[in-house]
Each structure stands twice: as structure tokens, then as C-alpha cells.
Amino acid sequence: MAPTAIIVRAARLEDCSVILHHRRSMFQDMGEGTSEDLDKMVEATAPWLTRALTDGSYQGWLAEDAEGKIVAGGGVLISSWPAGPRDPVSKRAVIINVYTEPGFRGQGLARRLMLLMIQWLKDRGLSSVGLHASDAGRHLYETLGFIPTNEMRLALK
């Protein structure tokens, strides 16, 4: 299917199950977690996602084909965060849940979603955005200007 037949629209509350499917599939494709781990993640994320879509702290976009099937998506999590010397905004943005269904990959949908999310953030005055890149997505993010940072992580369990 040609990318021109795809429309992108804002995610709605009734799209929670699709967003959760994308999140689960994204981690499954990366080989992260067992099926049981992924099921627990979805169960824990479902009420959070409902709240976040309702209060606007999560903004999502979904790509639909001509039949209304959602074939890709991505979202932005906005959280309160103290301003810093290089980022004088008291909000932090993180792009999450970028996923394209296997049969629709290679058509530029993830790029299209990323450009839309980046512009949305710019329009709202945010000065930076972060994300965690999978091996499959790293090249796309680098072509959009994302660079690795000095972030470190400690597992607490």
C-alpha cells in the first residue's frame, strides 16, 4: 500500500488497546522480556495510559490505512521537570511507543510520525526531547538529529 493512502490522526481514549499492542509488540520485537513479563507490562500500563490520555500528559498519533486499520503509531510523554542550563523549560518530553506493523515497514511511516511529534513539541515551546532507541530504530533517529547522551541507568531489582 502506498504511504499516501495512510492518514495520521491523534490518538483517542478508545485507542488504548492498539497503543498497548504497539508497546507490547515493540518490546517483543526487541527480545525484551518473556510473554508473561510483557503481559504484566500491558496490565500495569493500561490504567496509566487511560489517565495519561485523559489528562494530556500522553499525546499519541496513529497511522491508519484506507480501511481504518491502525498500522503505526507513536507518542509523546510530557512530564514536569526542573529546568536546566541547556533546557530552560520546566517540562520534559520523551517519545515512546514508536511502532510500525511488520507489513507496513519501510514506507516512511515512523519518520512521518517522528517529524509530526517533533514539530508538535517545537510548537509547544519545548527545547529538547529524548527517546530510547532500539537497534532497528537507531538509524532513523540519528538521521533526525538525535545523539547519544550521558544518561546512565541502575536496575533496582
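Structure: see above.
Keep in mind it's a predicted model, so treat the numbers as computed, not measured.

Below, the discussion takes up the pattern of salt bridges. Oppositely charged side chains can form a pair if their charged atoms are brought close together. Applying the stated rule across the entire model yields seven salt bridges. Linking Asp29 and Arg105 is a salt bridge whose minimum nitrogen-to-oxygen distance equals 2.7 Å. With Asp29 in helix H1 (residues 16–29) and Arg105 in the loop between strand E4 (91–100) and helix H3 (109–123), the pair connects residues that are 76 residues apart, well separated along the chain. With relative accessibility at 41%, the residue Arg105 sits in the partly exposed group. In this structure, Arg153 and Glu151 form a salt bridge, with 2.7 Å as the shortest nitrogen-oxygen distance. The class of Arg153 is exposed, set by a relative accessible area of 62%. Here the salt bridges do not stand alone but share partners, grouping Arg9, Asp15 and Glu64 into one network.

A word on the packing of H3 against helix H4 (residues 135–143). H4 packs onto H3 with a crossing angle of 45 degrees between their chain directions and a minimal axis gap of 11 Å. By the criterion of interaxial angle, the relationship of H3 to H4 is oblique. The crossing of H3 and H4 is right-handed. Within the contact between the two elements, H3 uses Ala110, Arg111 and Met114 and H4 uses Leu140, Tyr141 and Thr143. Classifying every residue of the contact of H3 with H4 by side-chain character gives four nonpolar, one polar and one charged.

As summarised here, the arrangement of the five strands in space is E1-E2-E3-E4-E5, forming an open sheet in which the pairing is mixed. The sheet terminates laterally at strand E1 (7–10) and strand E5 (130–131), the two strands that pair on one side only. Sheet topology note: the strand E2 (residues 58–64)/strand E3 (residues 70–80) ladder contains seven bridges and is antiparallel. Counted as the bridge partner of Gln59 is Val76 from E3. The sheet strands contacting helix H2 (residues 35–55) are E2, E3 and E4, and the helix crosses E2 at an angle near 95 degrees. Strands in contact with H3 are E1, E2, E3, E4 and E5; relative to E3, the strand with the most contacts, it is inclined by about 25 degrees.

End to end, H1 covers 20 Å across 14 residues, agreeing with the expected 20 Å (1.5 Å per residue, within 8%). Every buried residue of H1 is listed here: Cys16, Ile19, Leu20, His22, Arg24, Ser25 and Met26. Buried residues along H1 sit against H2, E2, E3 and E4. Gly31 sits one or two positions beyond H1 and adopts a positive phi of about 75 degrees.

Here is what the cut-offs are and how they apply
- Residue numbers restart at each chain and count upward from 1, following the sequence in its written direction.
- It should be noted that, the model being predicted, local features are given only for residues of pLDDT at least 70 and side-chain atom pairs only at 80 or more, the latter also being counted only at that level, while totals for whole chains, interfaces and linings use all residues.
- Think of the side-chain values as coming from all heavy atoms in the structure, minus any hydrogens and water.
- For this document, the term salt bridge refers to a Lys or Arg side-chain nitrogen within 4 Å of an Asp or Glu carboxyl oxygen.
- Each helix corresponds to a stretch of at least 4 residues labelled H or I by DSSP, and each strand to a stretch of at least 2 residues labelled E; elements are numbered beginning at the N terminus.
- Any residue under 20% of the maximum accessible area for its type is buried, any over 50% is exposed, and the rest in between are partly exposed; the area is computed with a 1.4 Å probe on protein chains only.
- Lines fitted to C-alpha atoms define the axes, with helix axes restricted to the stretch in contact, and inter-axis angles between N-to-C directions lie between 0 and 180 degrees.
- For classification purposes, an angle smaller than 35 degrees is called roughly parallel, one larger than 145 roughly antiparallel, one from 65 to 115 roughly perpendicular, and anything else oblique.
- It is the rotation of the near helix from the far one that decides the hand of a crossing: anticlockwise by less than a right angle makes it left-handed, clockwise makes it right-handed.
- Any two residues whose heavy atoms approach within 4.5 Å are treated as being in contact.
- When residues are grouped by polarity, Ala, Val, Leu, Ile, Met, Phe, Trp, Tyr, Cys and Pro land in nonpolar, Asp, Glu, Lys and Arg in charged, and all others, Gly among them, in polar.
- Strands pair, by our definition, only if DSSP identifies at least two bridges between them.
- For a helix, the expected span equals 1.5 Å multiplied by the number of residues minus one.

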